[in-house]
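# Coordinate analysis (summary)
As a plain string of letters, each chain reads:
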Amino acid sequence: MKQKAVILDQAAINRALTRIAHEILERHKGVSDLVLIGIKTRGKPLAERLQQKLKSIEGVEVPIGEIDITLYRDDLTHVSDHKEATVSQTDLQTDINGKKIILVDDVLYTGRTVRAGMDALIDYGRPAQIQLAVLVDRGHKELPIKADYIGKNIPTSQDEVIVVTLDETDGDDLVSIYET
């Protein structure tokens, strides 16, 4: 793969997450009954960053969790290149029944990861609402799924790949576009 461009650097990622935090607060008029759930792997650190931003604005710590959607995917053989699936632990840390869940992920592409995330959440309880926050929406949906909070829309071709690296998982904060 050949890198075409850097779309977001560390400062731009921070600004996008700050804007998302403010949009969440405006839509919900505060943080009452909110729970942030990050989809493994990069959704969790993004959810943690949103949690800190919400706390710095509202002075209240929003519950957070992490969900592994591996076994809920309908395209597991396509995304894993026929490798063995590695299943991690789901850690919700709070009851999600009747709560307003904000599912957090790095990139929205086909919508299959988000669908799997919603299926997994429903196995743990019945939230009052599920919303989606993503750092990047790159288009090409295969399912009727739309993000409620988007850091940046990046229209892409099928020959392009969006790569998100985060300090917590990869040692650097960067969103890049690559050509295959």
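Our subject in this report is the structure included herewith. (Residues numbered from 1 in each chain as written. Predicted model: local features only at pLDDT ≥ 70, side-chain atom pairs only at ≥ 80, totals over all residues. Heavy atoms only, no water.)

### A look at the pairing of strand β8 (residues 174–179)
Of the strand pairs in this sheet, strand β1 (residues 2–8) and β8 are connected by 5 bridges, and their pairing is antiparallel. For Val-6, the partnering residue across the bridge sits in β8 and is Ser-176. Pairing between strand β7 (residues 160–165) and β8: 6 bridges, direction antiparallel. Residue Ile-162 lies in a different strand from β8, and its bridge partner there is Ile-177. (Pairing = 2+ DSSP bridges. Helix = DSSP H or I, 4+ residues; strand = E, 2+ residues; numbered from the N terminus.)

### Digging into helix α2 (residues 43–58)
With 16 residues, α2 extends 22 Å from end C-alpha to end C-alpha; this agrees with the ideal 22 Å at 1.5 Å per step. Of all the residues in α2, the buried ones are Gly-43, Lys-44, Pro-45, Leu-46, Ala-47, Arg-49, Leu-50, Gln-51, Lys-53 and Leu-54. Packing partners of the buried residues in α2 comprise α1 (10–28), β2 (34–39), β3 (64–67), β4 (100–108), β5 (129–137) and α5 (167–170). Just beyond α2, the residue with positive phi is Gly-59, at close to 80 degrees. (Expected span 1.5 Å × (residues − 1). Buried < 20%, exposed > 50% of the residue type's maximum accessible area, 1.4 Å probe, protein only. Contact = heavy atoms within 4.5 Å.)

### What about the pattern of salt bridges?
If you walk through the whole model with that rule in mind, you get 15 salt bridges. Across the salt bridge formed by Lys-4 and Glu-179, the nearest N and O atoms sit 4.0 Å from each other. On the criterion of sequence distance, the pair formed by Lys-4 in strand β1 and Glu-179 in strand β8 is long-range, its members being 175 residues apart. Lys-40 is the partner of Glu-66 in a salt bridge, and the nearest nitrogen-oxygen pair spans 3.5 Å. Note that Glu-66 is positioned in strand β3 and Lys-40 in the loop between β2 and α2, a separation of 26 residues in sequence. Here Glu-66 falls in the buried class, since its relative accessible area comes to 15%. Given the relative accessible area of 24%, Lys-40 is considered partly exposed. Shared partners join several salt bridges into a network, and the residues in it are Lys-40, Lys-44, Glu-48 and Glu-66. (Salt bridge = Lys/Arg side-chain N within 4 Å of Asp/Glu carboxyl O.)

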